[in-house]
Amino acid sequence: MAVAAIGQQDWPEDWPELLPLLLKLISDQNNGNGVRGALRCLALLSDDLDDTCVPKLVPELFPSLYRIISSPHLYENSIRAKALAIVHSCISMLGSMSGVYKRDTASLMASMLDPLIEQFSIILNSPVQSQNPDDWSMQMEVLKCLLQLVQNFPRLPEAKISAILPSLWQTFVSSFKIYHLSSIQGSEDVDSVDYDSDGSERSLESFGIQLFELWTTIVGNSRLAKVIAGNIKELAYYTIAFQQITQEQVQSWSRDANQYVADEDDVTYSCRVSGSLLLEEVVTAYEDYGINSILEASKMRFHESQELKQAGSADWWRLHEASLFALGSVSEQLCEAQDSGFAKYNVRDLLEQTLTDIMVTGVHQYPFLHARAFSIVAKFSSVISKEVREQYLCYAARAIASDVPPPVKVGACRALAQLLPESNQDLIQPNVMGILSSLVDLLRQASDETLHLVLETLQSAIKSGGEQSILLEPVISPIILDVWAQHIADPFISIDAIEVLEAIKNAPGCLQPLVSRILPTIGSILGKPKVQPDGLVAGSLDLLTMVLKNAPTVVVKVVFDTCFASTVQIVLESDDHGEMQNATECLAAFISGGRQELLVWGGEQGRTLKMLLDAASRLLDPALESSVSLFVGSFVMQLILQMPSYLSPHIPDLIAAIVRRMQTSSIAGLKSSLIVIIARLVHLSVPNVDQFINLLLSIPAQGYDNSLVYIMSAWSQLQGEIQGAYQIKVTTTALALLMSTRHPELSKVEVQGHLIKTNAGVTTRSKARLAPDQWTKIPLPAKIFSLLADTLAEIQEQIGGGSDDDCEEDSDWEEVQNGDTNIPDDIIYSASVPSNVNPSVEHLNAMAKVFDEDEDDSYDDDLTKKDPLNEVKLADFLTNIFTNLWENDRPLFDYLCQGLSDSQRSAVEKILRK
């Protein structure tokens, strides 16, 4: 430890003789302690190797390591395993270097690969014969080395890896036999866990996980996947066996239902989870062939479990449960395959037979099998028949009310949460009161882990309860409010509780009694915010926002009378980020629900409007931290949408405040939301958009000629980052409106254009600091034109329009491309004008929503869904913009086209050809 610690600082520059000394010690076969000490020292040093050391170290070190690894008659397994650990570190470092030093690492690996593969095969060929880690520590290190090879050198010759696959399979099969005996059947002491000298766990569980990680990586490598394609059914067959519940899990989950819920919900460190990841990768890599292989393997394991049952085995249920667990891990893909008719085996028949058989087994004798059956019904509800679904719905309703083991109640809750919304109301209504009563009883007993599940199930039951829910509202609401208050500091539980309360609110006849129950307490909390426990004020505002959402005006008025002034006061005085953010959202909900009527509720004329404008002023204060103002965009948007005529005299002050807030903001999301506000004001100014531009010219902006220059500089850079269908629609159409004015001042504004390519080679962090990216400057109309073209190209990509061939067609665009231009092509790194980064996945998903391919239920969209701009079809709008400019002002069109990239040009050309 001491030598390694010094070496990490001083080697190789200040202690060059360290490595020769260690190599000399390793080579001395007569000095066992010297070999062991030198290897441990090198193992510690190898964790800190960098790309300067490895190329020098590997050629000197590898021969010595190889001699130890390949000499079982001279060195004990622990020393050979330590040598393999150093090889693992070297392969790992070479892998991380391979991108930059491809040729160097390839030659270093080539010199090591053949002898290593030979030794790996020999080591793996020895079957795993006991649970003692000393017997398989060598195999463990080999698995780690192989994982690094496949991950970091994916283009290794298939023949090299193929040569080792038979030995790897031997290890896989032989290790299962020991794992089954010691872990699944429980011959091993479940409380004893072994650790190596470095503190790493040594158990057959960790060995199995390492095996699965390697198989998953091999399957995920397209070239190696072809090599093992013929053995996928066998791989799935053994994977299912590894996924059986161990004796340790039985004991742990039987003692503590919370642990069962936690292990089911979280990606825990186990063979069950690792096996599921492998099966998912099999489906991804082999598609229908992979699905059919898993189904066939499951079917074989089901039959084996039945044979074990008939033979009197007490453990038959484990294999049965594991087969269902395996199918559940790929349920989404199996449901798709069943719906499309791709599956060779009928998933429905296989599952229904199994689920029917389980119902006649003893629930107390086989609790985990019944729990898994419930989980499977939930996951495959779209596949299994209505009759089986209804059988399990009734069974789940009985289970939560019965004295059954906790895991069964957990499974029953999962099934109810999924099945209740899908089931026939005639079946549900006679049972719903019993279900709700049972869930309320469970809620009283639930602890943190199970609380989430019970609340989720309760939400489904209330939504399915119809008019009967009002009978239980006096019972359920106080309990849920108590859960909410007790877990106010836990965002997951408190949000679950609010969602249940929202379900109660939306149930027939429940809104007014719920509001009457909530309002006095919330009113007193918000009235004295400074004396409340941490989180209670922010949580109360969250609850209030839920009540206001889509509420009738009469309810909004009642809430206004009690809580509006307090909410505004919190915005004006609080320093708490959560309180400020939630109060901002709450004010937006007040405006959305009360609309212009809100302005006359506050007593004397103009008082309510002044309070709202004061709140906006505080939220736009440039001295506030950016995160505090995060939701000011939706608040101000509601002022614009609901009170445009009242807001009109204050627009100059509002724009000035927005500019100041943007200039001090460190959060791109806040800037983007404020740009959306500016864009909506552009629409509000129609048909006098040129007057709006004049207004921007008259408002100063620090460091810029005026607000127009600052806003358009920021807007043109951030447009590609704006997310949300509504937001994209508002900003894109507003840009087009600005461009269509032909205002002479627009051409005078220069904004960021293209990244200038440098010849400095690879850009390191130090180079980036010394020489940051440089961009061309282009006129604002050209930038807007390219942003519109880029949006059009994204839309066409989303709806599958066009092909790569379109980009290569010759046309009269050649005139434009080769015409006179102010931008020198040879210094342009990228001709994509739209933004300085590629559009994010979220941005592309948002584009898809523009075409109503997806519905977004976010509350922010609820607040803006009545805006007439939602009716604009962006594709048609952009088509008209480009077509009109092409037809009515060809010289300007040709000029603006000079800055378009090939993909943008192609997108515009497509619509002009139609």
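Everything numeric in this text was worked out from a predicted model, so none of it was measured.

Colleague: How do you make sense of the overall build of the chain when you look at a structure like this?
Modeller: On a plain count of helices and strands, the chain comes out with 46 helices and four strands. Counting only residues that meet the buried cut, the chain has 53% of its 914 residues in that class. Pairs at least 24 residues apart make up 77% of the contacts formed inside the chain by residues separated by at least 6 positions. In the structure as shown, the chain presents an accessible area of about 40,500 Å², 50% of it carried by carbon and sulfur atoms.

Colleague: Can you help me understand the pairing of strand β3 (residues 750-755) in this one?
Modeller: In summary, the side chains of a regular strand alternate between the two faces of the sheet. The element β3 is extensively covered by neighbouring structure, given that five of its six residues are classed as buried. Pairing of β3 with strand β4 (residues 775-779), which is carried by four bridges, proceeds in the antiparallel orientation. Its bridge partner being in β4, Glu-750 is matched across the sheet by Pro-779.

Colleague: Which parts of the structure should I look at to understand the environment of Pro-652?
Modeller: Tracing the chain through its elements places Pro-652 in helix α34 (residues 651-664). A relative accessible area of 34% places Pro-652 in the partly exposed class. When near neighbours in sequence (up to four residues on either side) are disregarded, Pro-652 contacts Leu-695 and Ile-699.

Colleague: Help me understand the environment of Thr-105, please; the structure alone is not making it clear to me.
Modeller: On the secondary structure map, Thr-105 appears in helix α6 (residues 102-125). Under the relative-accessibility criterion, Thr-105 is labelled buried at 1%. Distance in space between the C-alpha atoms of Thr-105 and Gly-95 is 7.7 Å, their sequence separation being 10 residues.

Colleague: Hey, could you run me through helix α21 (residues 406-419) in this one?
Modeller: In an α-helix, one turn spans 3.6 residues; hence positions three or four apart end up facing the same way. If you check α21, its first and last C-alpha atoms are 20 Å apart, about what 14 residues at 1.5 Å a residue would give, namely 20 Å. Most of α21 is tucked away, with 12 of its 14 residues classed as buried. All buried positions along α21 are accounted for by Pro-407, Val-408, Lys-409, Val-410, Gly-411, Ala-412, Cys-413, Arg-414, Ala-415, Leu-416, Ala-417 and Leu-419. On its buried face, α21 sits against α13 (247-255), α14 (257-265), α19 (367-379), α20 (386-400), α22 (425-445) and α23 (448-465).

Colleague: I tried to follow the packing of helix α15 (residues 271-310) against helix α16 (residues 316-329) on my own but got confused; where do I start?
Modeller: Two quantities define a packed helix pair, namely the angle between the axes and the distance from one axis to the other. Contact geometry of α15 with α16 gives a least axis separation of 8 Å together with a crossing angle of 155°. As judged from the angle between their axes, α15 and α16 are roughly antiparallel. Of the two elements, α15 crosses α16, and the hand of that crossing is left-handed.

Colleague: Any chance you could explain the side chain of Ser-716 here in plain terms?
Modeller: Structurally, Ser-716 can be placed in helix α37 (residues 707-718). At 2.9 Å, the side chain of Ser-716 forms a polar contact with the backbone oxygen of Met-712. Here Ser-713 takes part through its backbone oxygen, which lies 3.0 Å from a polar atom of the side chain of Ser-716.

Colleague: Where do I start with the packing of aromatic side chains in this structure?
Modeller: The geometry of an aromatic ring pair comes down to the distance between the two centres and the angle between the two planes. Here the structure, examined in full by the defined rule, presents 31 aromatic pairs. Here Phe-172 and Phe-212 contribute two aromatic rings whose centre-to-centre distance is 5.9 Å and whose plane-to-plane angle is 85°, an arrangement assigned as edge-to-face. With a gap of 40 residues between them, Phe-172 in helix α9 (residues 165-184) and Phe-212 in helix α10 (residues 204-220) connect regions that are remote in the sequence. Each ring, one from Phe-212 and one from Phe-242, has its centre 5.3 Å from the other, and the planes form 80°; the classification is edge-to-face. A residue pair is termed long-range when its members are at least 10 positions apart, and Phe-212 in helix α10 and Phe-242 in helix α12 (residues 232-242) qualify at 30 residues. Comparing Phe-212 with Phe-242, the two get one shared label, buried. Through successive ring pairs, a cluster of aromatic residues spans Trp-169, Phe-172, Phe-176, Tyr-179, Phe-212, Trp-215, Tyr-237, Tyr-238 and Phe-242.

Colleague: Please explain the state of the cysteines as it appears in this structure.
Modeller: Linking two cysteines covalently through their sulfur atoms gives a disulfide. Applying the stated criterion across every chain, the model contains zero disulfides. For the unlinked cysteine Cys-586, the closest cysteine sulfur is that of Cys-563, found at 7.5 Å.

Colleague: Explanation requested: the confidence of the model for the chain in the structure shown.
Modeller: For residues with low pLDDT, the predicted coordinates do not support detailed interpretation. For the chain, the mean per-residue pLDDT works out to 84, and 88% of the residues sit at or above 70. Model confidence for the chain, summarised as mean pLDDT per element, is weakest for helix α41 (residues 813-818) at 32 and strongest for α12 at 96. Note that pLDDT drops below 50 for residues 760-767; the model gives that stretch three contacts with residues more than four away or on any other chain. Low pLDDT, under 50, characterises residues 801-857; the predicted model gives this stretch 103 contacts beyond four residues in sequence or across chains.

Colleague: Mind showing me how you'd approach the pattern of salt bridges here?
Modeller: Think of it this way: side chains of opposite charge can pair up when their charged atoms draw near. Taken as a whole, this structure holds 22 salt bridges when the rule is applied. Ionic pairing is found between Lys-233 and Glu-296, a salt bridge with its closest N-O pair at 2.8 Å. Of this pair, Lys-233 sits in helix α12 while Glu-296 sits in helix α15, and the two are 63 residues apart along the sequence. When salt bridges with common partners are traced through the structure, they connect Glu-264, Arg-272, Glu-321 and Arg-372 into a single cluster.

Colleague: What exactly am I supposed to notice about helix α18 (residues 347-359) here?
Modeller: The end-to-end C-alpha distance of α18, which contains 13 residues, comes to 19 Å, matching closely the 18 Å that a straight helix rising 1.5 Å per residue would cover. For α18, the complete set of buried residues consists of Val-347, Leu-350, Leu-351, Glu-352, Thr-354, Leu-355 and Ile-358. If you follow the buried residues of α18, they end up packed against α15, α16, α17 (331-340), α19 and α20.

Colleague: I would appreciate a short explanation of the nonpolar core in the present structure.
Modeller: The tendency in soluble globular proteins is for nonpolar side chains to be buried side by side. Phe-590 and Phe-635 are the most contacted members of the largest nonpolar core, which totals 299 residues. Beyond its immediate sequence surroundings of up to four residues, Phe-590 is in contact with Leu-548, Val-556, Val-559, Phe-560, Cys-563, Phe-564, Thr-567, Arg-595 and Leu-598.

Colleague: Explanation requested: unusual backbone geometry in the structure shown.
Modeller: When glycine is set aside, most residues are seen to have a negative phi, and most peptide bonds are trans. With an omega of 10°, the peptide bond between Val-686 and Pro-687 qualifies as cis. Residues other than glycine seldom take positive phi values, yet Glu-287 does so here, at roughly 50°. Tracing the backbone through its elements, the reader meets Glu-287 in helix α15. If you check the backbone angles, Arg-595 has positive phi at about 50° while not being a glycine. Structurally, Arg-595 can be placed in the loop between α29 (577-594) and α30 (598-601). Judged by relative accessible area, Arg-595 falls into the partly exposed class, the value being 32%.

Colleague: Got a minute to help me understand the side chain of Thr-171 in this structure?
Modeller: Looking at the secondary structure, you find Thr-171 in helix α9. On the basis of relative accessible area, Thr-171 is assigned to the buried category, the value being 0%.

About the cut-offs
Residues numbered from 1 in each chain as written. Predicted model: local features only at pLDDT ≥ 70, side-chain atom pairs only at ≥ 80, totals over all residues. Heavy atoms only, no water. Helix = DSSP H or I, 4+ residues; strand = E, 2+ residues; numbered from the N terminus. Buried < 20%, exposed > 50% of the residue type's maximum accessible area, 1.4 Å probe, protein only. Contact = heavy atoms within 4.5 Å. Areas by Shrake-Rupley, 256 points an atom, 1.4 Å probe, with all protein chains shown as cover. Pairing = 2+ DSSP bridges. Expected span 1.5 Å × (residues − 1). Axes fitted to C-alpha atoms, helices over the stretch in contact; angles between N-to-C directions. Parallel < 35°, antiparallel > 145°, perpendicular 65-115°, else oblique. Left-handed = near helix turned anticlockwise from the far one by under 90°. Polar contact = N/O pair within 3.5 Å; in protein donor to acceptor, adjacent residues only side chain to side chain. Phe/Tyr/Trp six-rings, centres within 6.5 Å; stacked < 30°, edge-to-face > 60°. Disulfide = S-S within 2.5 Å. pLDDT = per-residue confidence, 0-100. Salt bridge = Lys/Arg side-chain N within 4 Å of Asp/Glu carboxyl O. Core = buried A, V, L, I, M, F, W, Y, C linked by side-chain atoms within 4.5 Å.

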